[in-house]
Amino acid sequence: MKACLRVCTAASCRSRGGASLQHSLSEAVARAGLEHGLRVKGVGCLGPCSDGPLLAMDADPKAQTQLYGSIPVADGAQLVASLMEAAAQHTLAHWCPAGGLRIDLNHPFFQLQRRLVLEHCGQIDPTSIEEALAAGAYRQLERVLQNNNPAAVIEQVRRSGLRGRGGAGYPTGLKWAAVAQMPGTEKVVVCNADEGDPGAFMDRTVLEGDPHTVLEGMAIAAHTVGASRGLIYVRAEYPLAIARLRTAIAAAQGHGWLGTAIAGSRCNFDVELRVGAGAYVCGEETALMQSIEGKRGMPRPRPPYPAERGVFGLPTLINNVETFANLPALLRLGLETYGRGTKVFSLTGHVRRSGVIEVPMGTSLRTVVETMGGGTPAGRSIKAVQTGGPSGGCVPAHQLDTPVDYESLQSLGTIMGSGGMVVMDDTTDMVDIARFFMAFSREESCGKCVPCRAGTVQLDNLLEQILDRRATPEDLEQLESLCRMVKDTSLCGLGQGAPRPVLSTLRHFRDDYLALVPVETRR
Amino acid sequence: MEPVSPTIPRKQRLATVWLAGCSGCHMSFLDLDEWLLELAQQADIVYSPVACDRKDYPAAVDICLVEGGVGNTDNLVLIQQVRANTTVLVSFGDCAVTANIPGMRNMLEGADPVLRRAYLELADGSGQRPHAPGIVPELLERVLPVHEVVPVDVYLPGCPPSASRIRAVVEPLLRGEWPELSGPDLIRFG
Amino acid sequence: MNLYSLRIDDHDVAIAADSTVLQAAQEASIAIPTLCFLEGLSAVAACRMCLVEVSGNDTLLPACITPVQEGMQVHTATPRLQDIRRTLIELLFTEGNHVCGICVANGHCELQNLAVEVGMDHSRLPYRFPDRHVDLSHPLFGMDHNRCVLCTRCVRVCDEVEGAHVWDVGWRGEHCRIIAGLEEPWGAVEACTHCGKCVEVCPTGALFHRGDTTDEKHSDPARLQALMQARQQQRWNP
Ligand SMILES: Cc1cc2nc3c(=O)[nH]c(=O)nc-3n(C[C@H](O)[C@H](O)[C@H](O)COP(=O)(O)O)c2cc1C
Ligand code: SF4
Ligand code: SF4
Ligand code: SF4
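Residues numbered from 1 in each chain as written. Chains lettered and ligands numbered in written order. Predicted model: local features only at pLDDT ≥ 70, side-chain atom pairs only at ≥ 80, totals over all residues. Heavy atoms only, no water.

A few points about the site of ligand 3
Note the cut-off: One heavy atom suffices: a residue is near a molecule or strand as soon as one of its heavy atoms comes within 4 Å of it. All amino acids are sorted into three groups, where Ala, Val, Leu, Ile, Met, Phe, Trp, Tyr, Cys and Pro are nonpolar, Asp, Glu, Lys and Arg are charged, and the leftover types, Gly among them, are polar.
What surrounds ligand 3 is a group of 14 residues, the closest being Cys158(C), Cys192(C), Cys195(C), Gly196(C) and Cys198(C). Grouping the amino acids of the shell around ligand 3 by side-chain chemistry returns nine nonpolar, three polar and two charged.

A closer look at the sheet that holds strand β1 (residues 12-18) of chain B
Residue and element names in this part refer to chain B. Our working definition: In this scheme, strands are said to pair when DSSP sees at least two bridges between them. A run of H or I in DSSP becomes a helix once it reaches four residues, and a run of E becomes a strand once it reaches two; helices and strands are each numbered from the N terminus. Lines fitted to C-alpha atoms define the axes, with helix axes restricted to the stretch in contact, and inter-axis angles between N-to-C directions lie between 0 and 180 degrees.
The sheet built from five strands is open, its strands ordered β2-β1-β3-β5-β7 with parallel pairing. In the strand order of this sheet, the two ends are held by β2 (43-47) and β7 (154-156), each with one partner. Direction aside, the axes of adjacent strands within the sheet are offset by 25° on average. Pairing of strand β3 (residues 61-67) with strand β5 (residues 86-92) involves six bridges; the strand directions are parallel.

Points about the packing of helix α7 (residues 150-160) of chain A against helix α13 (residues 321-338) of chain A
Residues and elements named next belong to chain A. Counted only if it meets this: Note on terminology: angles under 35 degrees are roughly parallel, angles over 145 are roughly antiparallel, angles of 65 to 115 are roughly perpendicular, and the others are oblique. Left-handed describes a crossing whose near helix is turned anticlockwise from the far helix by less than a right angle; the clockwise case is right-handed. Any two residues whose heavy atoms approach within 4.5 Å at even a single point are treated as in contact.
Following both chains from N to C, one finds α7 and α13 inclined at 60°, their axes separated by 10 Å at the closest point. Relative to α13, the element α7 lies oblique. Crossing angle aside, the handedness with which α7 passes α13 is left-handed. Contacts between α7 and α13 involve Gln156, Val157, Arg159 and Ser160 from the former and Leu327, Leu330, Leu331, Gly334, Leu335 and Tyr338 from the latter. Classifying every residue of the contact of α7 with α13 by side-chain character gives six nonpolar, three polar and one charged.

Quick notes on the site of ligand 2
Around ligand 2, the structure places 13 residues, and the nearest of them are Cys446(A), Lys448(A), Cys449(A), Cys452(A) and Cys492(A). Class assignment for the residues of the shell around ligand 2 results in eight nonpolar, four polar and one charged.

Points about the interface of chain C and chain A
For interface size, the figure often reported is the accessible area lost on association. Formally: Here the buried area means the combined drop in accessible surface, using a 1.4 Å probe, for two parts upon being joined, counting both sides. Each salt bridge in this description consists of a side-chain nitrogen of Lys or Arg and a carboxyl oxygen of Asp or Glu lying within 4 Å of one another. Side-chain atoms alone can form a polar contact between residues adjacent in sequence; in general such a contact is a pair of N or O atoms within 3.5 Å, and within protein one must be able to donate a hydrogen while the other accepts it.
If you look at the interface, chain C gives 30 residues, while chain A gives 25 residues. Here chain C meets chain A over a buried area of about 2,300 Å², counting both sides, of which 57% is carbon and sulfur. In this assembly, chain C and chain A are joined by four salt bridges. Between the two partners, chain C and chain A, sit 15 residue pairs in polar contact (both at pLDDT 80 or more). Those elements that place two or more of their residues in the side of chain C that touches chain A are α2 (79-95) and β8 (167-170) of chain C. Of the residues contributing to the side of chain C that touches chain A, the split by class is 18 nonpolar, five polar and seven charged.

What about the sheet that holds strand β6 (residues 134-135) of chain C?
All names here are of chain C. With antiparallel pairing, three strands are arranged side by side in an open sheet as β6-β7-β10. The sheet terminates laterally at β6 and β10 (207-209), the two strands that pair on one side only. Where strand β7 (residues 141-144) meets β10, three bridges bridge the pair, whose relative direction is antiparallel. Considered in β10, the bridge of phenylalanine 141 is made with histidine 209.

Side note on a negative patch on the surface
Put simply, the rule is: In this scheme, patches are assembled from residues that exceed 30% relative accessible area and form no salt bridge. Like charges are connected within 9 Å, while nonpolar side chains (Val, Leu, Ile, Met, Phe, Trp, Tyr) are connected within 5 Å. Only the protein chains shown count as cover for residues, and the accessible areas themselves come from Shrake-Rupley with a 1.4 Å probe. In this tally Asp and Glu are treated as negative and Lys and Arg as positive; neither His nor the chain ends contributes. Note on charges: their place is set at NZ of Lys, CZ of Arg, CG of Asp or CD of Glu. Burial status follows relative accessibility: with a 1.4 Å probe on protein chains alone, a residue under 20% of its type maximum counts as buried, one over 50% as exposed, and anything between as partly exposed.
Taken together, the side chains of Asp31(B), Asp33(B), Glu34(B) and Glu38(B) define an acidic patch exposed on the protein surface. The exposure class of Asp31(B) is partly exposed, given its relative accessible area of 49%.

Things to note about the nonpolar core
Nonpolar side chains in soluble globular proteins generally cluster together in the buried interior. Heads up, the rule is: In these notes, a set of buried Ala, Val, Leu, Ile, Met, Phe, Trp, Tyr and Cys residues joined through side-chain atoms within 4.5 Å is what counts as a nonpolar core.
Counting residues in each nonpolar core, the largest one holds 98 residues, and the members touching the most others are Trp176(A), Val189(A), Leu215(A), Ile232(A), Phe269(A), Phe324(A) and Met421(A). Non-local contacts of Trp176(A), meaning those with residues more than four positions away in its chain, are made with Val153(A), Ile154(A), Val157(A), Ala221(A), Thr224(A), Val225(A), Leu317(A), Asn319(A) and Leu327(A). Listed in part, the 77 residues of the second largest apolar core include Ala471(A), Val46(B), Met120(C) and Leu125(C).

Observations concerning the pairing of β5(B)
Every other side chain in a regular strand lies on the same face of the sheet, so the side chains alternate between the two faces. Residue and element names in this part refer to chain B. Counting buried positions over the seven residues of β5 gives six, a clear majority of the element. Pairing geometry for β5 and β7, over three bridges, is parallel. Paired with valine 90 across the two strands is valine 154, which belongs to β7.

Some thoughts on the domain arrangement of chain C
All names here are of chain C. What counts here: For each domain, the first and last residues come from an automatic or database assignment.
Examined at the domain level, chain C breaks down into domain 1 (3-77) and domain 2 (84-233). With centres defined by C-alpha atoms, the gap from domain 1 to domain 2 works out at 25 Å. Each partner contributes residues to the interface: domain 1 has 21 residues there, and domain 2 has 23 residues. Around 1,700 Å² of area is buried between domain 1 and domain 2 when both sides are counted, 64% of it from carbon and sulfur atoms.

Things to note about helix α5 (residues 111-121) of chain B
Residue and element names in this part refer to chain B. Threshold: The directions from the helix axis to the C-beta atoms are what the arc is built from.
Within the sequence span of α5, burial applies to Ala111, Val114 and Leu115. All buried residues of α5 lie within an arc of 95° about the axis, which places them on one face of the element. On its buried face, α5 is in contact with β6 (139-144).

Re the pairing of strand β1 (residues 3-8) of chain C
Residues and elements named next belong to chain C. Looking at chain direction, β1 and strand β2 (residues 11-16) are connected through six bridges and run antiparallel. Paired with leucine 6 across the two strands is valine 13, which belongs to β2. What sits between the antiparallel neighbours β1 and β2 is a turn of two residues, in which aspartate 9 has the positive phi angle 50°. Sheet topology places β1 next to strand β5 (residues 73-75); two bridges connect them, and they run parallel. Along β5, the bridge assignment pairs arginine 7 with glutamine 73.

Right, dumping it as structure tokens:
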């Protein structure tokens, strides 16, 4: 028999013992002397995190790929023995590790995905550049270097309609063109891997599962805009992503995909890691650049935009992890096949199957949440879906047919954001949710500008008062007007976005607020 | 807010009230000097620590100047009586408008730490917590500006507001008009 | 010199192309309220008092750093802006402990003046009464955090003009406070030259001369501008 066991060792499964599962399986295989028939490898996220720890098995013929969840991690030897027995009896197709469960790969959760960014994630061993190369890594970079036509790359990115995946959704082609046209040879490419939104783990998934795709995207960008220096700003709370990146950078340097004269071209580009100390605001691009320079991470007004004056005063291209990871696929597929592209979401909350999914842009929320996620676990009805984290808002259940794209979500008063998607069932109090996010923004405000520093505190206190049933209708009015004021006057996206969870729930779930205002105070 | 009815034939019923404040606002009121005589012609002073002997807040008061923040249980009872029986409630002076100096005890977060600090920690040896239920009113946890307790109609800041500032508020009110307050002479705190 | 012409409220202004909207407004004698801004120091656009509306632009722009543009139409005092400014001042009053009646800067305080300017006769937002401290460790000066509005003028003047960088901002959000040295008592920070510039530019009574009592602090930020000019022109006797 020839087979490969892929054990998910990304953060979520790891927290459920994924790494020890890998270890005990490898040991058992070695002890049984099965190494050449049965390979065990750790891979990035396999998708349905709620069923972790996850294990995939590719048995020859290749078509026979199975996915198993809730694997008991302790006894690898027994698992291997039962697997060998099934192989001997030709019952592999029906095999399932004892105590685990078989996950149907024909379920819409898998079938409706379109994996461009996550194509290799879960397939390859992220610590092995050989596997990445075998899967096609760095081929698009090579092609871009050979063609040596940055203007054409920019044009292709522009026409693809790719927008930044970090939250603000700025057209990537325009940003690249702005940096490319800056004079001078010293430019910087920065990858924003700060991912601080509560409930968001898309970027972590990419970095842990397939770091080379991100590095390749950065190198393509660097060649295109004329930068020779690359920086990845990653939060300290992501130790595994950091380790994977370190390994990947060293391997890419060793194979000549980073460094000087990449692939024999005249392109020089190297990448350094910068580890952030975990302030959410440091994900904001100007604060991030301050932090890279070793200063206090506080946003500054734009202009000047990073393209004009970024890190160390140099023209800087800053994009999100997922944005960079889109490039190899975009260039490989070409505009037509790439189409509108995809978006990666981390699906969490009251949903049967949570995890990381990548869906075609424009998929409806209902498809994602009900068809793919399987709806709420207890069979309750969905009340709303939250997108965009602390700067985002809620989509009420009756609008779940909204397609997931930048414009549609914005017209409902929320944002695409970076990809956090939280499902809430009908037991959820929306005022509670609004308060949760406001308390978050209050703590994470950098304190530089008055409306955000002091306004979020007043808003949080008002929400507390409402939840304690101590508020009057006038307090609700004050809540709403102060929300608008903070949104309109704050210096950066944190303060501007902080009121959105409140404004959005006031818009769609005002009754939840009114129910908390004591009757005797109502006019 | 509806304007006070513009022509009032009868004499106005005016009150002044002293909550948690130093009485400086009332001293400033007395600085109105000879204008007080004019005031006495236009209004009956129906309740005031400086101009009337009455102990209970009366009904149907037209205008009441409230000095001081709301700091103890007596203040709380009185301000509620004032609101229930007064047409125009004027928050009179910075302590009423902002809690000001009495409000500085709020930084100690609670009545208990305040009493401990004042009567035990800072006492020279023989410190004792005052405790006389029914005689000495209990401190509230925090001193609050009047408008955080009951609705206020007119704000008259100042520590204390000068006599001319007081007059700029009371005069139009007596005529049944809302005072227009702006500029450093009329609304500066402090 | 390249000139731009623009319209601010109902005044036409022509001004050098590298000017800010705030400078253009000053040129036209239109007062836009400011707090963190101080001529001679870098602009940080943090207090948001100088936000203005610009026709054709949905977002409010801080006049202190927004460059003028040809044909720009600026509105500096719309009802919306007036309400915003009053709310900002209320936010500042309620987040600190400003007891004007007993403050060293009473009568000469920029915050107090702004409250008058925006028509704040009371705060519609509740007072928060934070627990803050006073640093009296410096032999000449004092720092009362209760009165600090976090404008960072002291931080900037000490860094940019005096070159001592005694001050910085510590912590974040509502916990922000101005710190001396590495969060040491001011008097323990050897970098301090005792020049007093921070006291001079502080808009409130937060930084003061020891011994000053109620009403006695008179700041004169114009002295900073005189110093900057003298340095620039290398002329020390005006
Ligand atoms: C408070 C705040 C936090 C942010 N955090 C992140 C983040 O964690 N990751 C990210 O890529 N972008 C973040 N952004 C957006 C960045 O400022 C910037 O728009 C983005 O990195 C640009 O890359 P993109 O165009 O590829 O999206 C944040 C913005 C704000 C205002
Ligand atoms: S909006 Fe908030 S996070 Fe952004 S600069 Fe202002 S205080 Fe800092
Ligand atoms: S006195 Fe001068 S050196 Fe000392 S902190 Fe103030 S500005 Fe800096
Ligand atoms: S101490 Fe004064 S100058 Fe410094 S930040 Fe506070 S208010 Fe501004």
